[in-house]
Amino acid sequence: MTLLDAKSYVSEEQILRHDWTLNEVKELLQQPLMDLLWQAQLVHRTANPGYKVQLASLLSVKTGGCQEDCAYCPQSIHNSSDVSGQPDLDVQPVLDRAKAARDAGADRFCMGWAWREIRDGQSFESMLAMVRGVRELGLEACVTAGMLTNEQASRLADAGLTAYNHNLDTSPEHYEKIITTRTYQERLETLHRVRAAGITICCGGIIGMGESIADRASLLRILATMSPHPESVPINSLVAVEGTQLEDVAAVDPLEMVRMVATARILMPFSRVRLSAGREQLGREGQILCLQAGADSIFYGDTLLTTSNPEVLADRELLSQAGVKANWKLSNS
Ligand code: SAM
Ligand code: DTB
Ligand code: SF4
(Lines give C-alpha, C1' and ligand atoms only; values in the text may rest on other atoms or scores of the structure.)
(Ligands and ions follow the chains in the order given, each with its own letter.)
Protein backbone atom coordinates (compact mmCIF):
# COMPACT_ATOMS: atom_id res chain seq x y z
CA MET A 1 0.00 0.00 0.00
CA THR A 2 1.45 3.35 -0.98
CA LEU A 3 1.53 6.40 1.22
CA LEU A 4 -1.13 8.05 -0.95
CA ASP A 5 -3.50 5.12 -1.03
CA ALA A 6 -6.69 6.51 0.47
CA LYS A 7 -7.76 3.02 1.54
CA SER A 8 -5.34 3.35 4.40
CA TYR A 9 -7.63 6.07 5.76
CA VAL A 10 -11.22 5.09 4.97
CA SER A 11 -13.10 1.95 4.08
CA GLU A 12 -16.00 1.45 1.67
CA GLU A 13 -18.35 0.58 4.55
CA GLN A 14 -17.51 3.82 6.33
CA ILE A 15 -18.34 6.04 3.39
CA LEU A 16 -21.66 4.67 2.10
CA ARG A 17 -24.57 6.11 4.08
CA HIS A 18 -28.22 6.93 3.42
CA ASP A 19 -29.08 8.63 6.71
CA TRP A 20 -27.52 12.06 6.27
CA THR A 21 -29.10 14.89 8.26
CA LEU A 22 -29.54 18.43 6.99
CA ASN A 23 -27.08 19.75 9.54
CA GLU A 24 -24.44 17.25 8.54
CA VAL A 25 -24.81 18.23 4.90
CA LYS A 26 -24.69 21.95 5.73
CA GLU A 27 -21.54 21.41 7.76
CA LEU A 28 -19.91 19.51 4.94
CA LEU A 29 -20.79 22.22 2.41
CA GLN A 30 -19.54 25.06 4.58
CA GLN A 31 -16.39 23.62 6.09
CA PRO A 32 -13.02 25.16 5.19
CA LEU A 33 -12.39 24.48 1.51
CA MET A 34 -9.14 22.60 2.07
CA ASP A 35 -10.81 20.23 4.51
CA LEU A 36 -13.74 19.69 2.15
CA LEU A 37 -11.40 18.90 -0.74
CA TRP A 38 -9.32 16.52 1.35
CA GLN A 39 -12.39 14.62 2.49
CA ALA A 40 -13.83 14.49 -1.03
CA GLN A 41 -10.52 13.16 -2.34
CA LEU A 42 -10.37 10.43 0.27
CA VAL A 43 -13.87 9.30 -0.58
CA HIS A 44 -13.40 9.59 -4.33
CA ARG A 45 -10.14 7.69 -4.44
CA THR A 46 -11.58 4.95 -2.24
CA ALA A 47 -14.82 4.59 -4.15
CA ASN A 48 -13.61 5.24 -7.69
CA PRO A 49 -9.98 4.28 -8.06
CA GLY A 50 -8.26 5.29 -11.26
CA TYR A 51 -9.71 8.77 -11.68
CA LYS A 52 -11.60 8.02 -14.88
CA VAL A 53 -13.92 10.67 -16.27
CA GLN A 54 -16.87 9.53 -18.35
CA LEU A 55 -17.60 11.54 -21.48
CA ALA A 56 -21.32 11.88 -22.17
CA SER A 57 -22.68 13.56 -25.27
CA LEU A 58 -25.99 15.34 -25.29
CA LEU A 59 -28.52 15.93 -28.06
CA SER A 60 -31.83 17.74 -28.06
CA VAL A 61 -34.27 15.63 -30.08
CA LYS A 62 -37.33 17.78 -29.40
CA THR A 63 -36.46 21.40 -28.83
CA GLY A 64 -38.58 24.21 -27.39
CA GLY A 65 -42.30 24.72 -27.02
CA CYS A 66 -42.44 23.19 -23.54
CA GLN A 67 -45.55 23.86 -21.43
CA GLU A 68 -43.72 23.88 -18.11
CA ASP A 69 -42.69 27.22 -16.62
CA CYS A 70 -39.18 26.41 -15.37
CA ALA A 71 -37.74 29.88 -14.72
CA TYR A 72 -34.28 28.95 -15.98
CA CYS A 73 -35.22 27.21 -19.20
CA PRO A 74 -35.06 28.74 -22.68
CA GLN A 75 -37.32 25.94 -23.95
CA SER A 76 -40.34 26.99 -21.89
CA ILE A 77 -43.18 28.74 -23.73
CA HIS A 78 -43.50 30.90 -20.61
CA ASN A 79 -40.08 32.44 -21.29
CA SER A 80 -39.51 34.82 -24.17
CA SER A 81 -36.36 33.01 -25.26
CA ASP A 82 -38.44 30.01 -26.33
CA VAL A 83 -36.18 28.35 -28.84
CA SER A 84 -38.76 26.37 -30.78
CA GLY A 85 -38.67 26.30 -34.54
CA GLN A 86 -36.72 23.18 -35.35
CA PRO A 87 -38.65 20.05 -36.29
CA ASP A 88 -38.14 17.04 -34.00
CA LEU A 89 -35.21 14.91 -35.08
CA ASP A 90 -35.82 11.56 -36.81
CA VAL A 91 -34.33 8.29 -35.65
CA GLN A 92 -31.52 7.94 -38.18
CA PRO A 93 -29.98 11.44 -37.79
CA VAL A 94 -29.98 10.91 -34.02
CA LEU A 95 -28.19 7.57 -34.42
CA ASP A 96 -25.70 9.21 -36.79
CA ARG A 97 -24.94 11.78 -34.07
CA ALA A 98 -24.61 9.01 -31.50
CA LYS A 99 -22.12 7.18 -33.69
CA ALA A 100 -20.11 10.38 -34.22
CA ALA A 101 -20.11 10.94 -30.44
CA ARG A 102 -18.90 7.38 -29.88
CA ASP A 103 -16.16 7.82 -32.47
CA ALA A 104 -15.05 10.99 -30.68
CA GLY A 105 -14.74 9.02 -27.42
CA ALA A 106 -18.08 9.38 -25.66
CA ASP A 107 -19.46 6.33 -23.92
CA ARG A 108 -22.82 7.69 -22.95
CA PHE A 109 -25.36 9.35 -25.22
CA CYS A 110 -28.09 11.48 -23.63
CA MET A 111 -31.18 12.58 -25.52
CA GLY A 112 -33.57 15.34 -24.47
CA TRP A 113 -37.20 16.07 -25.24
CA ALA A 114 -38.67 19.41 -24.12
CA TRP A 115 -41.85 17.79 -22.87
CA ARG A 116 -43.88 18.02 -19.70
CA GLU A 117 -44.50 14.30 -20.04
CA ILE A 118 -44.07 11.49 -22.52
CA ARG A 119 -47.12 10.76 -24.66
CA ASP A 120 -47.73 7.50 -26.45
CA GLY A 121 -47.65 7.53 -30.21
CA GLN A 122 -45.17 7.94 -33.04
CA SER A 123 -42.75 10.16 -31.07
CA PHE A 124 -42.54 7.63 -28.25
CA GLU A 125 -42.02 4.76 -30.72
CA SER A 126 -39.16 6.81 -32.24
CA MET A 127 -37.70 7.36 -28.77
CA LEU A 128 -37.68 3.59 -28.21
CA ALA A 129 -35.99 3.05 -31.59
CA MET A 130 -33.36 5.66 -30.68
CA VAL A 131 -32.68 3.94 -27.36
CA ARG A 132 -32.30 0.55 -29.06
CA GLY A 133 -30.01 2.05 -31.71
CA VAL A 134 -27.80 3.84 -29.19
CA ARG A 135 -27.43 0.63 -27.19
CA GLU A 136 -26.55 -1.30 -30.35
CA LEU A 137 -23.72 1.17 -30.88
CA GLY A 138 -22.31 -0.01 -27.56
CA LEU A 139 -23.13 3.24 -25.77
CA GLU A 140 -25.01 3.85 -22.55
CA ALA A 141 -28.33 5.54 -23.37
CA CYS A 142 -29.94 8.24 -21.25
CA VAL A 143 -33.26 9.96 -21.92
CA THR A 144 -34.74 13.08 -20.35
CA ALA A 145 -38.31 13.79 -21.37
CA GLY A 146 -40.37 14.80 -18.34
CA MET A 147 -42.89 12.64 -16.52
CA LEU A 148 -43.77 9.12 -17.60
CA THR A 149 -46.20 6.30 -16.83
CA ASN A 150 -45.25 2.89 -15.43
CA GLU A 151 -45.91 1.33 -18.81
CA GLN A 152 -43.72 3.83 -20.64
CA ALA A 153 -40.95 3.24 -18.10
CA SER A 154 -41.13 -0.49 -18.61
CA ARG A 155 -41.08 -0.14 -22.41
CA LEU A 156 -38.01 2.09 -22.12
CA ALA A 157 -36.40 -0.52 -19.88
CA ASP A 158 -37.19 -3.23 -22.45
CA ALA A 159 -35.59 -1.08 -25.16
CA GLY A 160 -32.40 -1.17 -23.07
CA LEU A 161 -32.43 2.36 -21.61
CA THR A 162 -29.53 2.73 -19.19
CA ALA A 163 -30.67 5.85 -17.33
CA TYR A 164 -33.52 8.33 -17.12
CA ASN A 165 -32.62 11.91 -16.24
CA HIS A 166 -35.15 13.76 -14.13
CA ASN A 167 -33.75 16.49 -11.93
CA LEU A 168 -35.13 17.79 -8.66
CA ASP A 169 -33.42 21.05 -9.64
CA THR A 170 -33.42 22.68 -6.18
CA SER A 171 -34.70 22.26 -2.62
CA PRO A 172 -38.41 21.69 -1.95
CA GLU A 173 -38.34 25.03 -0.10
CA HIS A 174 -37.00 27.04 -3.06
CA TYR A 175 -38.79 25.03 -5.74
CA GLU A 176 -41.97 27.11 -6.01
CA LYS A 177 -39.94 30.19 -6.87
CA ILE A 178 -38.58 28.32 -9.90
CA ILE A 179 -41.38 26.06 -11.21
CA THR A 180 -45.12 26.20 -10.59
CA THR A 181 -46.51 23.85 -13.24
CA ARG A 182 -45.12 20.60 -11.80
CA THR A 183 -44.80 19.71 -8.12
CA TYR A 184 -41.77 18.39 -6.28
CA GLN A 185 -43.86 15.36 -5.34
CA GLU A 186 -44.55 14.64 -9.02
CA ARG A 187 -40.83 14.67 -9.67
CA LEU A 188 -40.23 12.20 -6.83
CA GLU A 189 -43.00 9.95 -8.17
CA THR A 190 -41.45 9.96 -11.65
CA LEU A 191 -38.15 8.90 -10.09
CA HIS A 192 -39.90 6.04 -8.26
CA ARG A 193 -41.43 4.82 -11.52
CA VAL A 194 -38.07 4.87 -13.25
CA ARG A 195 -36.46 2.96 -10.40
CA ALA A 196 -39.31 0.43 -10.28
CA ALA A 197 -38.84 -0.29 -13.98
CA GLY A 198 -35.20 -1.18 -13.33
CA ILE A 199 -33.71 1.87 -15.09
CA THR A 200 -30.91 3.71 -13.32
CA ILE A 201 -31.62 7.23 -12.11
CA CYS A 202 -29.86 10.39 -13.19
CA CYS A 203 -31.00 13.11 -10.82
CA GLY A 204 -29.40 16.33 -9.68
CA GLY A 205 -29.95 20.04 -9.74
CA ILE A 206 -28.86 23.55 -10.55
CA ILE A 207 -27.09 26.09 -8.38
CA GLY A 208 -27.08 29.83 -8.95
CA MET A 209 -30.86 30.34 -8.99
CA GLY A 210 -30.99 32.58 -5.91
CA GLU A 211 -31.08 29.67 -3.47
CA SER A 212 -29.42 29.68 -0.03
CA ILE A 213 -26.74 27.31 1.23
CA ALA A 214 -29.50 25.62 3.24
CA ASP A 215 -31.40 25.04 -0.03
CA ARG A 216 -28.36 23.42 -1.61
CA ALA A 217 -27.90 21.24 1.45
CA SER A 218 -31.57 20.32 1.39
CA LEU A 219 -31.41 19.21 -2.25
CA LEU A 220 -28.26 17.18 -1.59
CA ARG A 221 -29.78 15.59 1.49
CA ILE A 222 -32.81 14.40 -0.46
CA LEU A 223 -30.58 12.84 -3.11
CA ALA A 224 -28.23 11.30 -0.56
CA THR A 225 -31.00 9.73 1.52
CA MET A 226 -32.44 7.90 -1.49
CA SER A 227 -31.67 4.22 -1.28
CA PRO A 228 -29.97 3.33 -3.48
CA HIS A 229 -28.44 6.70 -4.34
CA PRO A 230 -29.09 7.98 -7.84
CA GLU A 231 -26.41 6.32 -9.97
CA SER A 232 -25.82 9.64 -11.71
CA VAL A 233 -25.95 13.12 -10.17
CA PRO A 234 -25.67 16.07 -12.55
CA ILE A 235 -24.59 19.30 -10.90
CA ASN A 236 -25.46 22.23 -13.14
CA SER A 237 -24.73 25.87 -12.59
CA LEU A 238 -27.31 28.16 -14.09
CA VAL A 239 -26.73 29.20 -17.67
CA ALA A 240 -28.55 32.53 -17.51
CA VAL A 241 -30.19 32.62 -20.93
CA GLU A 242 -31.60 35.89 -22.26
CA GLY A 243 -35.38 35.92 -22.21
CA THR A 244 -35.69 33.56 -19.24
CA GLN A 245 -36.94 34.76 -15.87
CA LEU A 246 -33.45 34.23 -14.46
CA GLU A 247 -31.58 36.07 -17.22
CA ASP A 248 -30.18 38.71 -14.85
CA VAL A 249 -29.08 36.43 -12.03
CA ALA A 250 -25.37 36.86 -11.31
CA ALA A 251 -23.06 33.95 -12.13
CA VAL A 252 -22.09 31.73 -9.22
CA ASP A 253 -18.56 31.84 -7.86
CA PRO A 254 -16.73 28.81 -9.33
CA LEU A 255 -15.77 27.76 -5.80
CA GLU A 256 -19.47 27.28 -5.05
CA MET A 257 -19.55 24.63 -7.78
CA VAL A 258 -16.43 23.04 -6.32
CA ARG A 259 -18.14 22.88 -2.91
CA MET A 260 -21.31 21.41 -4.39
CA VAL A 261 -19.42 18.74 -6.34
CA ALA A 262 -17.20 17.84 -3.37
CA THR A 263 -20.17 17.51 -1.03
CA ALA A 264 -22.10 15.40 -3.57
CA ARG A 265 -19.03 13.15 -3.85
CA ILE A 266 -18.78 12.68 -0.09
CA LEU A 267 -22.50 12.01 0.27
CA MET A 268 -22.81 9.67 -2.72
CA PRO A 269 -19.40 8.03 -3.03
CA PHE A 270 -20.20 5.54 -5.77
CA SER A 271 -22.47 7.72 -7.92
CA ARG A 272 -21.27 9.39 -11.06
CA VAL A 273 -21.12 13.09 -10.24
CA ARG A 274 -21.50 14.99 -13.48
CA LEU A 275 -20.04 18.44 -13.90
CA SER A 276 -22.86 19.57 -16.16
CA ALA A 277 -24.16 22.91 -17.47
CA GLY A 278 -22.16 26.07 -16.81
CA ARG A 279 -18.63 24.79 -17.40
CA GLU A 280 -17.83 27.67 -19.74
CA GLN A 281 -18.18 30.10 -16.82
CA LEU A 282 -15.98 28.00 -14.55
CA GLY A 283 -12.68 28.49 -16.33
CA ARG A 284 -9.90 25.94 -16.53
CA GLU A 285 -8.82 25.99 -12.89
CA GLY A 286 -12.41 25.92 -11.62
CA GLN A 287 -13.13 22.84 -13.72
CA ILE A 288 -9.94 21.12 -12.61
CA LEU A 289 -10.82 21.76 -8.99
CA CYS A 290 -14.25 20.21 -9.64
CA LEU A 291 -12.54 17.15 -11.11
CA GLN A 292 -10.31 17.00 -8.07
CA ALA A 293 -13.35 17.35 -5.84
CA GLY A 294 -14.79 14.19 -7.36
CA ALA A 295 -16.64 15.06 -10.56
CA ASP A 296 -16.21 12.04 -12.81
CA SER A 297 -18.16 12.94 -15.90
CA ILE A 298 -18.54 15.89 -18.23
CA PHE A 299 -20.82 16.62 -21.16
CA TYR A 300 -18.67 16.31 -24.22
CA GLY A 301 -19.50 18.20 -27.40
CA ASP A 302 -19.92 21.86 -28.22
CA THR A 303 -23.66 22.05 -27.44
CA LEU A 304 -25.67 21.03 -24.39
CA LEU A 305 -29.37 21.04 -25.32
CA THR A 306 -29.72 24.60 -26.60
CA THR A 307 -26.73 26.40 -25.09
CA SER A 308 -23.03 26.10 -25.74
CA ASN A 309 -20.51 23.87 -24.05
CA PRO A 310 -16.69 23.82 -24.40
CA GLU A 311 -15.28 22.53 -27.70
CA VAL A 312 -14.17 18.90 -27.87
CA LEU A 313 -10.51 19.83 -28.40
CA ALA A 314 -10.59 22.20 -25.43
CA ASP A 315 -11.95 19.41 -23.25
CA ARG A 316 -9.30 16.96 -24.40
CA GLU A 317 -6.70 19.58 -23.50
CA LEU A 318 -8.37 20.18 -20.13
CA LEU A 319 -8.41 16.49 -19.21
CA SER A 320 -4.88 15.99 -20.30
CA GLN A 321 -3.72 19.03 -18.30
CA ALA A 322 -5.54 17.59 -15.29
CA GLY A 323 -3.87 14.22 -15.91
CA VAL A 324 -7.24 12.50 -16.05
CA LYS A 325 -8.02 9.46 -18.16
CA ALA A 326 -10.94 9.41 -20.55
CA ASN A 327 -11.81 7.13 -23.44
CA TRP A 328 -10.55 9.30 -26.29
CA LYS A 329 -7.03 8.68 -25.03
CA LEU A 330 -7.33 5.03 -25.95
CA SER A 331 -7.37 5.90 -29.63
CA ASN A 332 -5.33 9.09 -29.49
CA SER A 333 -2.41 8.40 -27.22
N1 SAM B 1 -38.15 18.53 -20.10
C2 SAM B 1 -37.49 17.56 -19.36
C3 SAM B 1 -37.50 17.86 -17.88
O4 SAM B 1 -37.27 19.01 -17.49
O5 SAM B 1 -37.72 16.94 -17.11
C6 SAM B 1 -36.08 17.28 -19.83
C7 SAM B 1 -35.18 18.38 -20.36
S8 SAM B 1 -34.64 19.61 -19.20
C9 SAM B 1 -33.95 20.79 -20.26
C10 SAM B 1 -33.30 18.83 -18.32
C11 SAM B 1 -32.61 19.61 -17.24
O12 SAM B 1 -31.72 20.59 -17.79
C13 SAM B 1 -33.48 20.43 -16.29
O14 SAM B 1 -34.06 19.66 -15.30
C15 SAM B 1 -32.46 21.39 -15.69
O16 SAM B 1 -31.93 20.86 -14.51
C17 SAM B 1 -31.39 21.50 -16.78
N18 SAM B 1 -31.37 22.87 -17.34
C19 SAM B 1 -32.25 23.38 -18.23
N20 SAM B 1 -31.96 24.66 -18.52
C21 SAM B 1 -30.87 24.98 -17.79
C22 SAM B 1 -30.10 26.17 -17.64
N23 SAM B 1 -30.41 27.30 -18.27
N24 SAM B 1 -29.03 26.14 -16.81
C25 SAM B 1 -28.71 25.00 -16.15
N26 SAM B 1 -29.40 23.85 -16.24
C27 SAM B 1 -30.48 23.84 -17.04
C1 DTB C 1 -28.69 17.93 -16.81
O2 DTB C 1 -28.80 17.93 -15.58
N3 DTB C 1 -28.07 18.86 -17.52
C4 DTB C 1 -28.18 18.62 -18.93
C5 DTB C 1 -28.82 17.21 -18.97
N6 DTB C 1 -29.15 16.98 -17.59
C7 DTB C 1 -29.99 16.96 -19.81
C8 DTB C 1 -28.94 19.68 -19.63
C9 DTB C 1 -28.35 21.06 -19.43
C10 DTB C 1 -29.14 22.04 -20.25
C11 DTB C 1 -28.56 23.42 -20.22
C12 DTB C 1 -29.38 24.40 -20.97
C13 DTB C 1 -29.53 24.13 -22.43
O14 DTB C 1 -28.54 23.82 -23.12
O15 DTB C 1 -30.65 24.29 -22.93
FE1 SF4 D 1 -39.65 22.01 -20.15
FE2 SF4 D 1 -37.64 20.60 -19.10
FE3 SF4 D 1 -37.28 23.17 -19.88
FE4 SF4 D 1 -38.75 22.69 -17.72
S5 SF4 D 1 -36.57 22.21 -17.98
S6 SF4 D 1 -39.29 24.09 -19.39
S7 SF4 D 1 -39.73 20.76 -18.29
S8 SF4 D 1 -37.75 21.45 -21.19
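Here the structure is shown first, and the text comes after it.
All residue numbers here refer to positions counted from 1 along the written sequence of the relevant chain. Starting at A for chains and at 1 for ligands, labels are handed out in the order in which the entities are written. Per-residue local features of the predicted model are confined to residues with pLDDT of at least 70, and side-chain atom pairs are confined, for both listing and counting, to 80 or more; whole-chain, interface and lining totals are unaffected and use all residues. Values shown for side chains rest on all heavy atoms present in the structure; no hydrogens or waters enter the calculation.

Visitor: Tell me about the overall build of the protein, and name the residues and values.
Guide: In terms of regular secondary structure, the protein is built from 13 helices and nine strands. Expected size for 333 residues packed as a compact globule is a radius of gyration near 20 Å; at 19 Å, the protein falls within 12% of this value. Expressed as lengths along the three principal axes of its C-alpha atoms, the size of the protein is roughly 55 × 45 × 35 Å. Type-normalised accessible area, obtained with a 1.4 Å probe on protein chains alone, sets the label of each residue: buried when under 20%, exposed when over 50%, and partly exposed for intermediate values. Looking at the protein residue by residue over its 333 residues, the buried ones come to 55%. Secondary structure elements follow DSSP: runs of H or I of four or more residues count as helices, runs of E of two or more count as strands, with numbering from the N terminus. Just to be clear, the radius of gyration here is over C-alpha atoms, and the globule rule we use is 2.2 Å times residues to the power 0.38.

Visitor: I'd like a description of the pairing of strand S2 (residues 108–113), backed by residues and values.
Guide: In terms of burial, S2 is a largely internal element, six of the six residues being buried. Side-chain alternation along S2 places Arg108, Cys110 and Gly112 on one buried face and Phe109, Met111 and Trp113 on a second face that is also buried. Where strand S1 (residues 54–62) meets S2, six bridges bridge the pair, whose relative direction is parallel. Bridging from a neighbouring strand, Lys62 pairs with Trp113 of S2. Only strands joined by at least two bridges in the DSSP assignment are considered to pair. In the sheet, S2 pairs with strand S3 (residues 140–144) via five bridges, with the strands oriented parallel. By the bridge assignment, Met111 is partnered in S3 with Val143. We call a crossover right-handed when, viewed with the strands running away from us, the connection from the first strand over the helix to the second turns clockwise. At this point the chain moves from S2, through helix H5 (residues 122–136), to the parallel S3, and the crossover so formed is right-handed.

Visitor: Mind laying out the site of ligand 2, listing which residues take part and the relevant values?
Guide: Note on terminology: near, applied to a residue and a molecule or strand, indicates that one of the residue's heavy atoms is within 4 Å of it. Surrounding ligand 2, one finds Leu58, Thr144, Asn165, Asn167, Pro234, Asn236, Ala277, Phe299, Leu304, Leu305, Thr306 and Thr307. Contact between ligand 2 and Asn167: an oxygen atom at 2.8 Å from a side-chain N or O atom of the residue. Exposure was quantified through the Shrake-Rupley algorithm and a 1.4 Å probe, taking into account, for residues, occlusion by the shown protein chains and nothing else. Considering ligand 2 on its own, with 410 Å² of exposed area, one finds that the protein chains cover 88% of that surface. Under the scheme applied here, ten amino acids are nonpolar (Ala, Val, Leu, Ile, Met, Phe, Trp, Tyr, Cys and Pro), four are charged (Asp, Glu, Lys and Arg), and all others, including Gly, are polar. Of the residues that constitute the shell around ligand 2, the class distribution is six nonpolar, six polar and no charged. The term polar contact refers here to a pair of N or O atoms within 3.5 Å; inside protein, the definition further demands a hydrogen-donor-capable atom paired with an acceptor-capable atom, and it admits residues adjacent in sequence only when both atoms are side-chain atoms.

Visitor: I'd like a rundown of the site of ligand 1, residues and numbers included.
Guide: The full set close to ligand 1 counts 16 residues, and Tyr72, Thr144, Asn167, Asp169 and Val239 are the nearest of them. Contact distances for ligand 1 include 3.2 Å between a nitrogen atom and a backbone N or O atom of Trp115. Contacts to ligand 1 include Asn167, whose side-chain N or O atom sits 2.9 Å from an oxygen atom. Relative to its unbound accessible area of 560 Å², ligand 1 is 90% covered by the protein chains.

Visitor: Lay out the packing of aromatic side chains with the relevant residues and their values.
Guide: For Phe, Tyr and Trp, where Trp contributes only its six-membered ring, two rings pair if their centres lie within 6.5 Å, and the inter-plane angle classes them as stacked under 30 degrees, edge-to-face over 60, or tilted in between. For the structure on display, the rule yields two aromatic pairs. Between Trp113 and Trp115, the ring centres sit 6.1 Å apart and the planes meet at 40 degrees, which makes this aromatic pair tilted. Looking at Trp113, the relative accessible area reads 7%, which means it is buried. Pairing Tyr175 with Tyr184 gives two aromatic rings, centres 5.1 Å apart and planes at 85 degrees, and the pair type is edge-to-face. Assessed through its relative accessible area of 10%, Tyr184 is described here as buried. Criterion for a charge above a ring: Lys NZ or Arg CZ within 6 Å of the ring centre, and within 35 degrees of the ring normal. If you follow Arg17 out to its NZ or CZ, it ends over the ring of Trp20, 3.9 Å from the centre.

Visitor: Can you tell me about the packing of helix H10 (residues 254–267) against helix H11 (residues 283–292), naming the residues and giving the values?
Guide: Each axis is a line fitted through C-alpha atoms, taken for helices only over the stretch in contact, and angles between the N-to-C directions span 0 to 180 degrees. Relative orientation of the contacting elements H10 and H11 amounts to 15 degrees, with a least axis distance of 8 Å. Between H10 and H11, the angle falls in the class roughly parallel. Here H10 runs over H11; the crossing is right-handed. In this structure, H10 contributes Leu255, Met257, Val258 and Val261 to the contact, and H11 contributes Gly286, Leu289 and Cys290. Here the word oblique covers every angle except those under 35 degrees (roughly parallel), over 145 (roughly antiparallel) and from 65 to 115 (roughly perpendicular). Crossing handedness is read from the near helix: turned anticlockwise from the far helix by less than a right angle, it gives a left-handed crossing, and turned clockwise, a right-handed one. It only takes one pair of heavy atoms within 4.5 Å for two residues to be counted as in contact.

Visitor: Tell me about helix H12 (residues 312–322), and name the residues and values.
Guide: Side chains three or four residues apart in an α-helix point the same way, a direct result of the helix having 3.6 residues per turn. Looking only at H12, the buried set comprises Asp315, Arg316, Leu318 and Leu319. For H12, the angular spread of buried residues about the axis comes to 160 degrees, placing them on one side. The arc in question is the one traced by the directions running from the helix axis out to the C-beta atoms.

Visitor: Explain the side chain of Glu68 to me, and be specific about the residues and the numbers.
Guide: Structurally, Glu68 can be placed in the loop between S1 and helix H4 (91–103). Classification of Glu68 as buried rests on a relative accessible area of 1%. At 3.0 Å, the side chain of Glu68 forms a polar contact with the side chain of Arg182. Dropping the residues within four chain positions of it, Glu68 is found in contact with Ser76, Ile77, His78, Arg116, Met147, Thr181 and Arg182.

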